Amino acid sequence: MALGYNGLDRLNPADAVRAGRFETVGKEPVRVGSGTDVDWHLNPYGDRTWLLWFHSLEWLGGTIEEYERTGDAAELDLAAGIVRDWLADNGAPERFGEDRREAIAEGTKFRLATLVCLRAHRAAPWLDDAIARHASWLADPEHYSGPWNHGTDESMILLTAACSIGRDDLADLGHDRLLDSVFDPPGGVRPAIDAQGANNEQSTHYSVYNRSRWRKAMTVIRACGREVPAELERRHALMDEFIAFQTTPAGDLLQIGESQAARAADTGASDDGPLAYVASQGEKGTPPDARARVYEAGYVVGRSGWGKGDRAYEDETAYTARFGPGRYAHGHNDHMALTFHALRHDVLVPSGHVGYNDEAWREWLHSPRAHNTFVVEDATFRHGAATELIRHRFREGADTFAFSDTAFAGTTRTRSVLAASGPDALVVLDEARSAASRDITQFWHLPPEYTAKAGGTGAVASADGVRVHFLRIPLPGAAAPGAAEVVRGRPSPPQGWIFPSPGKKIAAPTVEFRAAGARARILTLIAPVRGAAAPTVRTAPLPGGGVRVDAVLDGRRLTFTAAADGTLHREP
């Protein structure tokens, strides 16, 4: 069965292929050949992604589809001729440069899918031989990417290709790899879809992508005469809820991990279920059956509600927090990082995704400094360190949770969070314990539309009638808080940027708080309000170094305690 062409058939209709042109997303068309003679040395943009899709041959899909519509054998002749030209010119890839070798290797699965689509209309010994060689290459364990989207594509393409040429041995291998990636993933990696419906790639965008790829994979399994386990179908259905919790009440998908800005309405949700509910902002579908949830894959997610009570859907608050295993696949080093949406506005956001060609910016975007978390200065960061959720409690108006890790060498780092609603606010208590004094920095990233200004120990950010107050709460026994800082669009060292899509960089404010000590602590109240009046805050010490805080935000009271052990609690 044909597995599609990743949209390259639409970008490259038959008349463009006949004219020798090739186009990828975001790039101008390039003349690459004449007739069936293509110059496979080309890489006009010096772009690895362009080169991958060029060597994928999926851009021949429009020509194959033109034959399917018209029956014009010349269209099939053109596609077959270009395939044969590729086979003749790209043997022994070790003789090429690194970028071309990688494009040939990574493009194997997509090229194989195109060969199978071509074979559906023109069987030939040379084509069967090419399919068998491509399939055998994918079957080699050294060429299997593992339980993430690359491996999923490799496995289902191996399965469908092997079925097309009667290679049951290779078909069984593709089928087994698909199921193992979900039920028995190799190497200690989390399942591609776990029992809660969570994807393991630590990225909102790739959760959406994998939702569609696994739907296709189940179709392939059935088409090849094999049974789809009921548990796989159940887990796949739960992906809708997992993604729904990664959207805002405004209908946006969060840019968690390597994700570009996108709308929930563009996920292809059906008319029922949680994803349809958030895509339609409560007009269709059904909401999740929980207001807040812990996903063992490394997410604490919650809302004030789903628009079913006394608030309209768009007026609900939403937050997310990250923990769990170290960075994997398309994840970032974003442990303990928060997102927050309140008063119909994004308040705290990740810094986004630059794409895969700018390694310097990609390194920064992966780093904790590009996220709403805190770092221990001059301490080695251990990328593979896990972060533990040490406690959580969800109750109306006051969700609390706390994390701990040793991701920074020689330091135990903890973060406690109170997500309040009515009034809507976040309270965050960060602490780093070390044998010697350490400096810590807390980062709060706002969307580009905000203007922000530091004042004394705090800062205020404004956008469209909303003012977000970042209030540093003094802690008994701790040194007096230092001055806050706001950074916007600093090139070096980079800070204060948002990347809504690859290659698009926008300056945006980042609020920074600092503390120092062998037990360095920062207690922050993040209070979005609509009124012009600043929040009022009164504090009272508690035994052992804790504090009681009584705040009034837009005329509504928020009282909470921060205990000496880091526990946050909202008082009635």
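Criteria and thresholds
Residues numbered from 1 in each chain as written. Predicted model: local features only at pLDDT ≥ 70, side-chain atom pairs only at ≥ 80, totals over all residues. Heavy atoms only, no water. Helix = DSSP H or I, 4+ residues; strand = E, 2+ residues; numbered from the N terminus. Rg over C-alpha atoms; globule rule 2.2 N^0.38 Å. Buried < 20%, exposed > 50% of the residue type's maximum accessible area, 1.4 Å probe, protein only. Contact = heavy atoms within 4.5 Å. Axes fitted to C-alpha atoms, helices over the stretch in contact; angles between N-to-C directions. Parallel < 35°, antiparallel > 145°, perpendicular 65-115°, else oblique. Left-handed = near helix turned anticlockwise from the far one by under 90°. Salt bridge = Lys/Arg side-chain N within 4 Å of Asp/Glu carboxyl O. Pairing = 2+ DSSP bridges. Expected span 1.5 Å × (residues − 1). Phe/Tyr/Trp six-rings, centres within 6.5 Å; stacked < 30°, edge-to-face > 60°. Lys NZ or Arg CZ within 6 Å of the ring centre and 35° of its normal. Core = buried A, V, L, I, M, F, W, Y, C linked by side-chain atoms within 4.5 Å. Nonpolar A, V, L, I, M, F, W, Y, C, P; charged D, E, K, R; others polar. Polar contact = N/O pair within 3.5 Å; in protein donor to acceptor, adjacent residues only side chain to side chain.

J.: How should the overall build of the protein chain be read in this particular structure?
T.: Looking only at helices and strands, the protein chain has 14 helices and 27 strands in total. Taking 25 Å as the expected radius of gyration for a compact globule of 572 residues, we find that the protein chain reaches 26 Å, a close match to that expectation. A principal-axis box enclosing the C-alpha atoms of the protein chain has dimensions of 85 × 45 × 45 Å. Burial statistics for the protein chain: of 572 residues in total, 56% are counted as buried. Residue pairs in contact within the protein chain that sit at least 24 positions apart in sequence constitute 63% of those at least 6 positions apart.

J.: I tried to follow the environment of Ala 564 on my own but got confused; where do I start?
T.: Summarising the element assignment, Ala 564 is placed in the loop between β26 (556–562) and β27 (568–570). By relative accessible area, which is 23% here, Ala 564 ends up partly exposed. Spatially, the C-alpha atoms of Ala 564 and Leu 475 are 9.6 Å apart, while their sequence positions differ by 89 residues. Look past the residues within four positions of Ala 564 in its chain and what remains in contact with it is Arg 519, Pro 543, Gly 544, Gly 545 and Gly 546.

J.: Looking at this structure, how should I read the packing of helix α3 (residues 48–56) against helix α6 (residues 98–106)?
T.: The relative placement of two packed helices comes down to the angle between their axes together with the axis-to-axis distance. Look at α3 against α6: their axes get within 8 Å of each other, and the N-to-C directions meet at 50°. Relative to α6, the element α3 lies oblique. Judged by the sense of rotation from one axis to the other, the crossing of α3 with α6 is right-handed. Only Asp 99, Arg 100, Glu 102, Ala 103, Ile 104 and Glu 106 of α6 make contact with α3, whose side of the interface consists of Arg 48, Leu 51, Leu 52 and His 55.

J.: Is there a simple way to think about the pattern of salt bridges in this case?
T.: Opposite charge on two side chains allows them to pair when their charged atoms are near. For the structure on display, the rule yields 34 salt bridges. Residue Asp 240 is joined to Arg 211 by a salt bridge in which the shortest nitrogen-to-oxygen separation is 2.6 Å. In this pair, Asp 240 is assigned in helix α12 (residues 230–244) and Arg 211 in helix α11 (residues 204–223), connecting sequence segments 29 residues apart. Given the relative accessible area of 12%, Asp 240 is considered buried. Looking at Arg 211, the relative accessible area reads 4%, which means it is buried.

J.: I keep staring at unusual backbone geometry and nothing clicks. Help me out?
T.: Both trends apply: most residues other than glycine have a negative phi, and most peptide bonds are in trans. Cis geometry is found at the peptide bond from Gly 422 to Pro 423, where omega equals 5°. Locating Pro 423 in the fold gives a position in the loop between β15 (411–420) and β16 (425–445). Note the cis peptide between Ser 492 and Pro 493, where omega equals -15°. Summarising the element assignment, Pro 493 is placed in the loop between β20 (485–488) and β21 (497–501).

J.: I tried to follow the pairing of strand β24 (residues 536–542) on my own but got confused; where do I start?
T.: On a regular strand, one side chain projects to one face of the sheet and the next to the other, so that they alternate. Here seven bridges tie β24 to strand β25 (residues 546–553), and the two strands are oriented antiparallel to one another. Its bridge partner being in β25, Arg 538 is matched across the sheet by Asp 550.

J.: Could you clarify how one ought to interpret helix α10 (residues 168–183) in this entry?
T.: Side chains three or four residues apart in an α-helix point the same way, a direct result of the helix having 3.6 residues per turn. The end-to-end C-alpha separation of α10 is 22 Å, in line with the 22 Å expected for 16 residues at 1.5 Å each. Inspection of α10 places Leu 170, Ala 171, Gly 174, His 175, Arg 177, Leu 178, Leu 179, Ser 181 and Val 182 among the buried residues, and these make up the whole buried set. Here the buried face of α10 lies against α8 (125–139), α9 (149–164), α11 and α12.

J.: Would you mind showing me how to read the packing of aromatic side chains here?
T.: The relation between two aromatic rings is expressed through the spacing of the ring centres and the mutual angle of the planes. Following the criterion strictly, the structure yields 22 aromatic pairs and no others. Relative to Trp 306, the ring of Phe 245 lies with its centre 5.3 Å away and its plane at 70°, an arrangement referred to as edge-to-face. Here Trp 306 lies in the loop between β8 (299–303) and β9 (318–322) and Phe 245 lies in the loop between α12 and β5 (252–253), a separation of 61 residues in the sequence. Owing to a relative accessible area of 3%, Phe 245 belongs among the buried residues under this scheme. Pairwise contacts between aromatic rings join Phe 22, Trp 40, Tyr 45, Trp 50, Phe 54 and Trp 59 into one cluster. Arg 100 extends its terminal NZ or CZ atom over the ring of Phe 96, reaching a point 3.6 Å from the ring centre. Directly above the aromatic system of Phe 374 lies the positively charged group of Arg 413, at a separation of 5.2 Å from the ring centroid.

J.: Sorry if this is basic, but what is going on with the sheet that holds β25 here?
T.: Hydrogen bonding along the main chain pairs the strands of a sheet, whether they run parallel or antiparallel. Spatial ordering of the open sheet is given by β24-β25-β26-β27, a layout of four strands whose pairing is antiparallel. The sheet is open, and its two edges are formed by β24 and β27, each paired on a single side. Mean inter-strand twist for the sheet, computed between neighbouring axes without regard to direction, equals 20°. Strand direction decides the pairing type here: β26 and β27, joined by three bridges, are antiparallel. From the neighbouring strand, Phe 560 faces β27, where its bridge partner is Arg 570.

J.: In this structure, what is going on with the nonpolar core? I would like to understand it.
T.: Most often, soluble globular proteins keep nonpolar side chains buried together rather than apart. With 64 residues, the main nonpolar core has Phe 54 and Trp 59 as its most contacted residues. Not counting residues within four places of it along the chain, the set of residues in contact with Trp 59 comprises Leu 8, Asn 12, Val 17, Phe 22, Val 32, Val 38, Trp 40, Trp 53, Phe 54 and Ile 82. Membership of the second largest hydrophobic core comes to 46 residues, among which are Ala 321, Ala 385, Ala 419 and Leu 426.

J.: Looking at this structure, I do not really get the packing of helix α4 (residues 61–70) against helix α5 (residues 73–89). What am I missing?
T.: Where α4 meets α5, the axes come as close as 8 Å, and the angle between the chain directions of the two elements is 155°. On the basis of their axis angle, the class for α4 and α5 is roughly antiparallel. Note on packing geometry: the crossing formed by α4 with α5 is left-handed. When α4 is examined against α5, the residues Thr 63, Ile 64, Glu 66 and Tyr 67 are found in contact with a partner set consisting of Ala 73, Glu 75, Leu 76, Leu 78 and Ala 79. For the contact of α4 with α5, the class distribution of residues is six nonpolar, one polar and two charged.

J.: Just to check I follow, could you spell out the side chain of His 150 for this structure?
T.: Structurally, His 150 is set in helix α9. Those residues in contact with His 150 that lie beyond four places of it in its chain are Glu 106, Lys 109 and Ser 145.

J.: Sorry if this is basic, but what is going on with the environment of Asp 240 here?
T.: Taking the C-alpha atoms as reference points, Asp 240 and His 469, separated by 229 residues in sequence, lie 34 Å from one another. In this structure Asp 240 touches Arg 211, Pro 274 and Leu 275, once residues within four positions along its chain are discounted. Of note is the side chain of Asp 240, whose polar atom sits 2.6 Å from the side chain of Arg 211.

J.: What is the right way to read the sheet that holds strand β7 (residues 292–295) from this model?
T.: If you walk across this open sheet you meet the five strands as β7-β8-β9-β10-β11, and the pairing is antiparallel. Strands at the two margins of the open sheet, each flanked by one partner only, are β7 and β11 (345–348). Averaged over all pairs of adjacent strands, the angle between their axes in this sheet comes to 10°, without regard to strand direction. Pairing of strand β10 (residues 338–342) with β11 involves three bridges; the strand directions are antiparallel. Residue pairing for β11: Ala 342 is matched across the bridge by His 345.

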